[in-house]
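A closer look at the structure
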Amino acid sequence: MDSISHSSLNRIAYAGLIIASIAALLAITNPRTCKPSISFPHASCQTNLRRVTTIENKNKKLWSTKEWRKRVDSFKELFHNLTANGFLSNDSKVLCVSAGAGHEVMALKEMGLKNVDGVEIVGSPPLVKRADPHDLPFSGGVFDVCYSAHLAESLFPSRFVSEIERTVRLMGFCILTVEACSDEKLARVTGFFRNSNLVFVGNVTLGEDELTQMVMRRESYS
Ligand SMILES: *[C@@H]1O[C@H](CO)[C@@H](O)[C@H](O)[C@H]1NC(C)=O
Ligand SMILES: *[C@@H]1O[C@H](CO)[C@@H](O)[C@H](O)[C@H]1NC(C)=O
Ligand SMILES: *[C@@H]1O[C@H](CO)[C@@H](O)[C@H](O)[C@H]1NC(C)=O
């Protein structure tokens, strides 16, 4: 049986097209010298400072909306459960991949985590920096936890997974929240991991969405 339905394949294809277009645009509007690095977005990208300031003001308005607060609180509940299960703590160094406008980043920061990064193909300062999830600008093994709720939007899920797996330390966790899924689809996702084993799976509700959450622990290098 084909474990991914046609509609989700279509969605993945459309999302991929959008991401590819944005990536192409970014490549055109930003010279090569503006390469993302861990200290991003300083130094080489200062030319966009004014634009960034405007986005930050816009984001401050966004954060005062009820919808924003509700979603951040949903993420907090989800992360509290992960803390209770020992996958996450105040000391964890966490990367949120495809973090959108940064709900999950804010949730983790509000919970007391000091070391949280968020990346997305389109940055949303100050919570989310711009970086391609398929080519993360971080060295291997630098995070305790890598989290994403947006694997489904990736055009290259296998590349997406290998990147998050690479950035997580040995015995660190990759945590994915995906559309509620059967065992076959779950196996398809866990199959993208080459050095990690599934240590937890459960269905959760995030806002109105029924989701499946999986925790993979990195157990080897390849
Ligand atoms: C968190 O855990 C509680 C108790 O096990 C459960 O009722 C709730 O649905 C969970 N919520 C999320 C978002 O994981
Ligand atoms: C994490 O830090 C916050 C804020 O400093 C604190 O309120 C909370 O109790 C801490 N959680 C744990 C599990 O230590
Ligand atoms: C989660 O929900 C899906 C779809 O409703 C179901 O097929 C699956 O068995 C559930 N998984 C768990 C771990 O309960």
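The preceding data block contains the structure.
Now for a quick tour of the structure. As the structure is a computational prediction, the values presented were derived from the model and not from experiment.

1. Looking at the site of ligand 1
Every residue close to ligand 1 is listed here: Glu77, Leu78, Asn81, Val204 and Thr205. Glu77 is positioned such that a nitrogen or oxygen atom in its side chain is 2.9 Å from a nitrogen atom of ligand 1. Burial of ligand 1 by the protein chains amounts to 50% of its free accessible area of 360 Å². With three residues, helix 3 (residues 66-84) is the largest single contributor of residues to the shell around ligand 1. For the shell around ligand 1, a count of residues per class yields two nonpolar, two polar and one charged.

2. Observations concerning unusual backbone geometry
In this structure, the amide linkage connecting Pro125 to the following residue, Pro126, adopts the cis form with an omega of 5 degrees. Along the chain, Pro126 turns up in the loop between strand 2 (115-120) and strand 3 (129-130). In this structure, Met171 takes a positive phi of about 70 degrees despite not being glycine. Within the secondary structure, Met171 sits in strand 5 (residues 168-179).

3. Considerations on the nonpolar core
Among soluble globular proteins, nonpolar side chains are generally buried collectively. Within the largest apolar cluster, 29 residues are counted, with the highest numbers of intra-cluster contacts made by Phe79, Leu82, Leu88, Leu108 and Ile175. Taken together, the elements giving at least two residues each to this core come down to helix 3, strand 1 (93-97), helix 4 (103-110), strand 4 (143-148), strand 5, strand 6 (196-206) and strand 7 (209-218). Residue contributions to this core peak at six residues, all from helix 3. In this structure, Val119, Phe143, Val161 and Met216 belong to the second largest nonpolar core, which totals 23 residues.

4. Things to note about the packing of helix 3 against helix 4
One can describe the packing of helix 3 onto helix 4 by two numbers: an axis separation of 8 Å at closest approach and a directional angle of 60 degrees. The angle between helix 3 and helix 4 places the two elements in the oblique class. For helix 3 against helix 4, the interelement crossing comes out right-handed. Taking contact as the criterion, the partners of Trp68, Arg69, Arg71, Val72, Phe75, Lys76 and Phe79 in helix 3 are, on helix 4, His103, Glu104, Met106, Ala107, Leu108 and Glu110. Its residues assigned to classes, the contact of helix 3 with helix 4 shows seven nonpolar, one polar and five charged.

5. As for helix 6 (residues 183-190)
Within the span of helix 6, buried status applies to Lys185, Leu186, Val189 and Thr190. Projection of helix 6 onto a plane perpendicular to its axis shows the buried side chains occupying an angular sector of 140 degrees, all on one side. The inward-facing, buried residues of helix 6 contact strand 5, strand 6 and strand 7.

6. Looking at the site of ligand 2
Contacts to ligand 2 come from Asn90, Met111 and Gly112. When ligand 2 is considered free in solution it has 360 Å² of accessible area, and contact with the protein chains removes 28% of it.

7. Things to note about the environment of Asp117
Positionally, Asp117 belongs in strand 2. Sequence separation of Asp117 and Cys146 is 29 residues, and the distance between their C-alpha atoms is 9.5 Å. In this structure, Asp117 is in contact with Lys93, Val94, Leu95, Cys96, Val105, Lys129 and Phe143, ignoring residues within four places of it in sequence. At 2.8 Å, the side chain of Asp117 forms a polar contact with the side chain of Lys129.

8. Description of the packing of aromatic side chains
On inspection of all chains with the given rule, the structure shows seven aromatic pairs. Ring plane angle 80 degrees and centroid distance 5.0 Å describe the contact between Phe138 and Phe143, whose orientation is recorded as edge-to-face. Judged by relative accessible area, which is 8%, Phe138 ranks as buried. Ring pairing ties together the aromatic residues Phe75, Phe79 and Tyr147, which thus form one cluster.

Procedures and definitions
- Residues numbered from 1 in each chain as written.
- Chains lettered and ligands numbered in written order.
- Predicted model: local features only at pLDDT ≥ 70, side-chain atom pairs only at ≥ 80, totals over all residues.
- Heavy atoms only, no water.
- Near = heavy atom within 4 Å.
- Polar contact = N/O pair within 3.5 Å; in protein donor to acceptor, adjacent residues only side chain to side chain.
- Areas by Shrake-Rupley, 256 points an atom, 1.4 Å probe, with all protein chains shown as cover.
- Helix = DSSP H or I, 4+ residues; strand = E, 2+ residues; numbered from the N terminus.
- Nonpolar A, V, L, I, M, F, W, Y, C, P; charged D, E, K, R; others polar.
- Core = buried A, V, L, I, M, F, W, Y, C linked by side-chain atoms within 4.5 Å.
- Buried < 20%, exposed > 50% of the residue type's maximum accessible area, 1.4 Å probe, protein only.
- Axes fitted to C-alpha atoms, helices over the stretch in contact; angles between N-to-C directions.
- Parallel < 35°, antiparallel > 145°, perpendicular 65-115°, else oblique.
- Left-handed = near helix turned anticlockwise from the far one by under 90°.
- Contact = heavy atoms within 4.5 Å.
- Arc of directions from axis to C-beta.
- Phe/Tyr/Trp six-rings, centres within 6.5 Å; stacked < 30°, edge-to-face > 60°.

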